[in-house]
Structures are given as structure tokens and as C-alpha cells.
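Analysis of the macromolecular model
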Amino acid sequence: LAWQHHAASGERWQTATGEQRPLTLADGTQVLLNTATEIAIRFTAETRLIELLRGEILVTSAPDTQPAPRPLVVATADGSARPIGTRFTVRRAAGDTATLVAVFAGSVEVEGRGGRRIIDSGQHILFGPDGLGPGAANSAAESAWANGMIVARAMRLADLIAELDRYRPGLLRCHPAVADLRVSGTFPALDTESSLALLTASFPLRVSYRTRYWASVEAAE
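Before going into details, it helps to say that this report is about the structure given with it.

A tally of regular secondary structure across the protein gives 4 helices and 17 strands. Expected size for 221 residues packed as a compact globule is a radius of gyration near 17 Å; at 19 Å, the protein falls within 12% of this value. Expressed as lengths along the three principal axes of its C-alpha atoms, the size of the protein is roughly 65 × 30 × 30 Å. For the protein, buried positions account for 46% of its 221 residues. With the model as given, the accessible surface of the protein reaches about 10,800 Å², and the carbon-plus-sulfur share is 52%. In the protein, the 22 positive side-chain charges and the 23 negative ones have mean positions that sit 1 Å from each other.

Written as C-alpha cells, this is what we have:
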């Protein structure tokens, strides 16, 4: 239960809104931090710990070269993920009520309230206060952010705007009248103005600006 009681300590790394940052850790593990993300890294004689304090990371794990190999653990407020030679993402962003782990190579042992489970390549799982959810197949959307994109497939407009808002300083909101509009397409996450321009060119929408940093997506008049 160390993930429940461990206070965040160690080397801190973070990204600003709209920023992504790659890191290579001392053991060769590669970590890509997504927008508005903060992690704490602490390597000891027993473990290699990455704490996701907020945001989203893509981890490509490396084998430990110590005589007694130490496990690599990614911990959040909801539990932990222990990779077994793998590439995976972990998300616990602002506003999220649970942790999402998606595996793209190898497998990951997830532990949270209610037990533990092995998640294999091509699957993801959501876990939080209510325990471990059912496993499900990955979609292209879950790794698209690593390439600076958001992939929408019949996504509610309100959900797409909420994703874009993570990458944009200030406030970006969706008017309730168009919240349930279903949207498909690929949108540049790191260039939200271009994404909004794509939306207004493809759908009967407009963007209303109260200030440079306060915008709302509404039905076109």
C-alpha cells in the first residue's frame, strides 16, 4: 500500500499548459510529459518510482542494470502501474476522477482499490475510488497526444473542447446548445487556434472571444 501513503518527494519535473517535454531517466527509461503535467522521480536501492502528481505521461521502460534489478513503478492517487518491459501511458489530469492506463507494448500490472490486474498490449483500464474497471481495447486516440494530435471519432463536441482546453491558456468552453454534436477528425493539440479553425470550417460552429484567453464554441448564426 505504499502508493497510498507515500508523500511526493524526489526530483520534480513539470510542463506548462500547451507544453510537452521528453525526459531520459538515469536507468534509460524514457518519459514524455504531456501538457500541464507534474511528476516526481525517486530512485532508491529498492525501487524506481515515478509519481504522477497531475497530467499525463508516456513511459518507455528500460531494464534496470543494478545487480538486484529494481521494479519500475508509476504511482498516482488511485494506485500504481508496474511495467513488464513495456510502453504505456498513465493519465490523471486535472478534473479526472480516476487513473487511465493504456498499454502499447508488453504488459503492465495495475494495482488499486479492489485488487490488481495484468493489462496486456492493446488494452487499457480505468481505476479509481470505485476500484478497477473492466479492461478494454485501445484506440488511436489514446496515444495520439504523443504526436501532438487529438483524434476524435464521433466524440461529443463538449468532450473535444474539454481536451483542447487542457492545451490552451485561459478558458475554452462549449455552449450547451452544441455540446452533444458528434465530431470526427484529427486536431493539432499544440495549436488550439488551428483546431478551432478546423472545427468552424467543418461544422456549423463559431468561436466567440470575450478576451484573448476566454473563448466559447457556439452554434454559427
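With that out of the way, let us pick up the nonpolar core. With 25 residues, the main nonpolar core has L157, I161, L164, L196, L199 and V217 as its most contacted residues. Going through the elements one at a time, β13 (149–156), α3 (157–166), β14 (171–174), β15 (182–188), α4 (192–202), β16 (205–211) and β17 (214–219) are the ones with two or more residues in this core. Per-element tally for this core: the top contributor is α3, with 5 residues. L164 has contacts with I150, L172, T192, S195, L196 and L199, leaving out every residue within four places of it along the chain.

Contact geometry of α3 with α4 gives a least axis separation of 11 Å together with a crossing angle of 160°. Taken as axis vectors, α3 and α4 run roughly antiparallel relative to one another. Two packed elements cross with a definite hand, and for α3 against α4 that hand is left-handed. For the pair α3 and α4, contact is made by L157, L160, I161 and L164 and by T192, S195, L196 and L199, respectively. A per-class count over the contact of α3 with α4 returns 6 nonpolar, 2 polar and no charged.

Spatially, 3 strands are ordered β14-β17-β16 in an open sheet, and the strand pairing comes out mixed. In the strand order of this sheet, the two ends are held by β14 and β16, each with one partner. Across the sheet, the mean angle separating the axes of adjacent strands is 20° when strand polarity is ignored. Here β14 runs beside β17; their pairing, made up of 4 bridges, is parallel. Considered in β17, the bridge of C174 is made with V217. Packed onto the sheet, α3 meets β14, β16 and β17 and runs at close to 175° relative to β14.

This next bit is on the environment of A219. Residue position: A219 is located in strand β17. Linking A219 and P204, residues 15 residues apart in sequence, is a C-alpha distance of 6.1 Å. In this view, A219 contacts V178, P204, L205 and R206; residues no more than four positions away in its chain are not counted.

Here we take up the pattern of salt bridges. If you walk through the whole model with that rule in mind, you get 16 salt bridges. The partner of D96 in a salt bridge is R91, and the shortest N-O contact between them spans 3.0 Å. What makes R91 buried here is its relative accessible area of 16%. Among the salt bridges present, the one from R173 reaches D165, with a minimum N-O distance of 3.2 Å. Ionic contacts of the salt-bridge type, sharing partners, join the residues E56, R91, D96, E163 and R166 into one network.

So, how was this worked out
Residues numbered from 1 in each chain as written. Predicted model: local features only at pLDDT ≥ 70, side-chain atom pairs only at ≥ 80, totals over all residues. Heavy atoms only, no water. Helix = DSSP H or I, 4+ residues; strand = E, 2+ residues; numbered from the N terminus. Rg over C-alpha atoms; globule rule 2.2 N^0.38 Å. Buried < 20%, exposed > 50% of the residue type's maximum accessible area, 1.4 Å probe, protein only. Areas by Shrake-Rupley, 256 points an atom, 1.4 Å probe, with all protein chains shown as cover. Lys, Arg positive; Asp, Glu negative; His and termini not counted. Charge placed at Lys NZ, Arg CZ, Asp CG, Glu CD. Core = buried A, V, L, I, M, F, W, Y, C linked by side-chain atoms within 4.5 Å. Contact = heavy atoms within 4.5 Å. Axes fitted to C-alpha atoms, helices over the stretch in contact; angles between N-to-C directions. Parallel < 35°, antiparallel > 145°, perpendicular 65-115°, else oblique. Left-handed = near helix turned anticlockwise from the far one by under 90°. Nonpolar A, V, L, I, M, F, W, Y, C, P; charged D, E, K, R; others polar. Pairing = 2+ DSSP bridges. Salt bridge = Lys/Arg side-chain N within 4 Å of Asp/Glu carboxyl O.

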